[in-house]
Amino acid sequence: MRAVRRVGRGLGHLGRALRRVPPDAWLALVALVMFIVGWSTITQTQQAPTSLLPVLAVMEVAPLLMLRRWPFYAWVVAIAASLLWWVFIPAVDGWQMPWPVVQFLVLLATVFTLALVGELVEVVGAVLITAAVFLVSLPDELKPWALGVALIAAFGLLIRWLVLSRRQLARKAEDVEVERARRAVLEERGRIARELHDVVAHHMSMVVVQAQSAPVRLTGVSPEVREELAAIETSARQALNEVRGLLGVLREEQGAARTAPQPGLDQVPGLLEGTRAAGVDLTWTLDITPDACPPGTALVLYRVLQESVANATRHAPGTPIRVSLREVDGSATLTVRNGPLTATDDERARLGTEVGGAATGGAGIPGMQARTEAVGGHLCAGPTPEGEFRVEAVVPLQGRPGSEALG
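Criteria and thresholds
- Residues numbered from 1 in each chain as written.
- Predicted model: local features only at pLDDT ≥ 70, side-chain atom pairs only at ≥ 80, totals over all residues.
- Heavy atoms only, no water.
- Helix = DSSP H or I, 4+ residues; strand = E, 2+ residues; numbered from the N terminus.
- Buried < 20%, exposed > 50% of the residue type's maximum accessible area, 1.4 Å probe, protein only.
- Contact = heavy atoms within 4.5 Å.
- Areas by Shrake-Rupley, 256 points an atom, 1.4 Å probe, with all protein chains shown as cover.
- Pairing = 2+ DSSP bridges.
- Axes fitted to C-alpha atoms, helices over the stretch in contact; angles between N-to-C directions.
- Polar contact = N/O pair within 3.5 Å; in protein donor to acceptor, adjacent residues only side chain to side chain.
- Salt bridge = Lys/Arg side-chain N within 4 Å of Asp/Glu carboxyl O.
- Arc of directions from axis to C-beta.
- Parallel < 35°, antiparallel > 145°, perpendicular 65-115°, else oblique.
- Left-handed = near helix turned anticlockwise from the far one by under 90°.
- Nonpolar A, V, L, I, M, F, W, Y, C, P; charged D, E, K, R; others polar.

### Details of the overall build of the protein chain
Working step 1: Counting secondary structure elements, the protein chain contains twelve helices and five strands.
Working step 2: When the 407 residues of the protein chain are sorted by exposure, 35% land in the buried category.
Working step 3: Restricting the contact set of the protein chain to residue pairs at least 6 apart, pairs at least 24 apart contribute 66%.
Working step 4: As displayed, the protein chain has an accessible area near 24100 Å², and 61% of this comes from carbon and sulfur atoms.

In structure tokens form, the structure reads like this:
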């Protein structure tokens, strides 16, 4: 049994080694064998001078070296060589063919290969011309080879059709797998959208309803509290609209959901005023008009500002926030500073928030960097020597980056 296994492993290694041999090497090997056979047998079938035997043997096998790259020209060389044999080199007495066996086999091989890979018009032309040569040059008992060459070409075309059919089936199977994977992705996106709707949109809707109905349900609500509740309702409603836009993106097959209009510079004052109405010590300077900024760049600036202010209020509560948006050398520069800290230790402990811009392992700053780089800009974020935390985004105002890819 061990000997059998060793032989099996040896045959397996041999098979793998043979599969690694290039096709051109196999053709060269076949041509070499046919060259040796042709050289040694020409004088047995043809009245050829001994000095021309190597040249005639090369003429016989030359089409084999051309088969893989130029099958039609290989057939042309083979049929031309056959005519040369017929016209200039007579056969010995008793040999019925006007050419040697090797020449005949090579000619049939070129017709078969051309049927496998050649153009249909080339195949038809080669079959008709070869059959005509056979009918003219072969004796009566060998003339059926004219029909034989047509059968050989038909066999090659049949194999070609089978191979093409298998390839088409393989492509269709691959397309089915791709479609199945795409449907799986769409189903997963739909599931995520449903989960987000159930978990987030429901609670955001409740926040909007509670903030809207609180002045009616509760008695003795002061005007200040009414304004605070109205600000909460506005912020929650805006967040709910953005969540619904995200859900639409997840539900759409091509990601072309109803996401317009996207926020831009004209919504920046509302964002800042809403934040200050929530009790944040916020001041700002805006020196760029909305018309001067492309939509994609405006969306990036809005998102970076939104994230920076949210991070400042979350990680450093009670600190003053200063926002500056200006144009410098054809680029928009957005700067958001917070600090130094003004909240007391008790307030920070009550809020349970890290202060001083400490990293919390979130994706806020990497996300802002990705947005700014998408429109050809750059972003810097980190503490300053004065104890503040600064976020600065610089994005070019030239060009028109698409907002649909940045939202």
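Now that the structure is up, let's keep going.
### Overview of the sheet that holds strand β5 (residues 389–396)
Working step 1: One open sheet holds the five strands; their spatial order is β1-β2-β3-β5-β4, and the pairing between them is mixed. Across the chains shown, the open sheet's two edge strands, defined by having one partner strand only, are β1 (282–286) and β4 (378–383). The average undirected angle you get between the axes of adjacent strands in this sheet is 10°.
Working step 2: Both strand β2 (residues 321–328) and strand β3 (residues 331–338) contribute to a ladder of eight bridges, which runs antiparallel. Residue pairing in the sheet places E327 in a bridge with A332 of β3.
Working step 3: Along the sheet face, helix α9 (residues 268–277) touches β1 and β2 and points at about 165° away from the line of β1.
Working step 4: This element, helix α12 (residues 364–374), spans β4 and β5 of the sheet and lies at about 155° to β4.

### Digging into the side chain of T45
Working step 1: Summarising the element assignment, T45 is placed in helix α2 (residues 23–45).
Working step 2: A polar atom in the side chain of T45 sits 3.4 Å from the side chain of Q46.
Working step 3: Non-local contacts of T45, meaning those with residues more than four positions away in its chain, are made with A91, V92, W95 and P100.

### As for the environment of L52
Working step 1: Along the polypeptide, L52 turns up in the loop between α2 and α3 (53–66).
Working step 2: Here the alpha-carbon distance between L52 and W39, two residues 13 residues apart in the chain, equals 9.7 Å.

### Considering the pattern of salt bridges
Working step 1: As enumerated under the stated definition, the model contains five salt bridges in all.
Working step 2: The closest approach of N and O atoms between E179 and R183, which form a salt bridge, is 3.2 Å. Here the residue E179 and the residue R183 both occupy positions in helix α7 (residues 145–217), the gap between them amounting to four residues, near one helical turn.
Working step 3: Look at E179 and you get partly exposed, because its relative accessible area is 29%.
Working step 4: For R337, the salt bridge goes to E388, with nearest N and O atoms at 2.9 Å. Note that R337 is positioned in strand β3 and E388 in the loop between β4 and β5, a separation of 51 residues in sequence.
Working step 5: R337 gets classed as partly exposed once you look at its relative accessible area, which sits at 25%.
Working step 6: Residues participating in the shared-partner salt-bridge network are E179, R182 and R183.

### What about α9?
Working step 1: The complete set of buried residues in α9 reads V268, L271, L272 and T275. The buried residues of α9 occupy an angular sector of 95° when projected down its axis, which confines them to one face.
Working step 2: Residues of α9 that are buried in the fold lie against β1, α10 (295–315) and β2.
Working step 3: Among the residues trailing α9, G279 stands out with phi positive, at a value near 100°.

### Points about the packing of helix α4 (residues 71–88) against helix α5 (residues 101–117)
Working step 1: Two elements in contact, α4 and α5, have axes whose closest approach is 9 Å; the angle formed by their N-to-C orientations is 155°. Between α4 and α5, the angle falls in the class roughly antiparallel. The crossing of α4 and α5 is left-handed. Two secondary-structure elements touch here, α4 through P71, F72, A74, W75, A78, I79, A81, S82 and W85 and α5 through Q103, L107, T110, V111, T113, L114 and V117.
Working step 2: A breakdown of the residues in the contact of α4 with α5 according to their chemical character gives twelve nonpolar, four polar and no charged.

### Looking at the environment of G274
Working step 1: Its location among the elements puts G274 in helix α9.
Working step 2: Judged by relative accessible area, G274 falls into the partly exposed class, the value being 28%.
Working step 3: Each C-alpha atom of the pair G274 and I232 lies 8.9 Å from the other, and the pair is 42 residues apart in sequence.

### Remarks on unusual backbone geometry
Working step 1: In this structure, D329 is a non-glycine residue whose phi angle is positive, near 55°.
Working step 2: Mapped onto the fold, D329 is located in the loop between β2 and β3.
Working step 3: A residue is classified by how much of its surface remains accessible, and D329, at 78% relative accessible area, is exposed.

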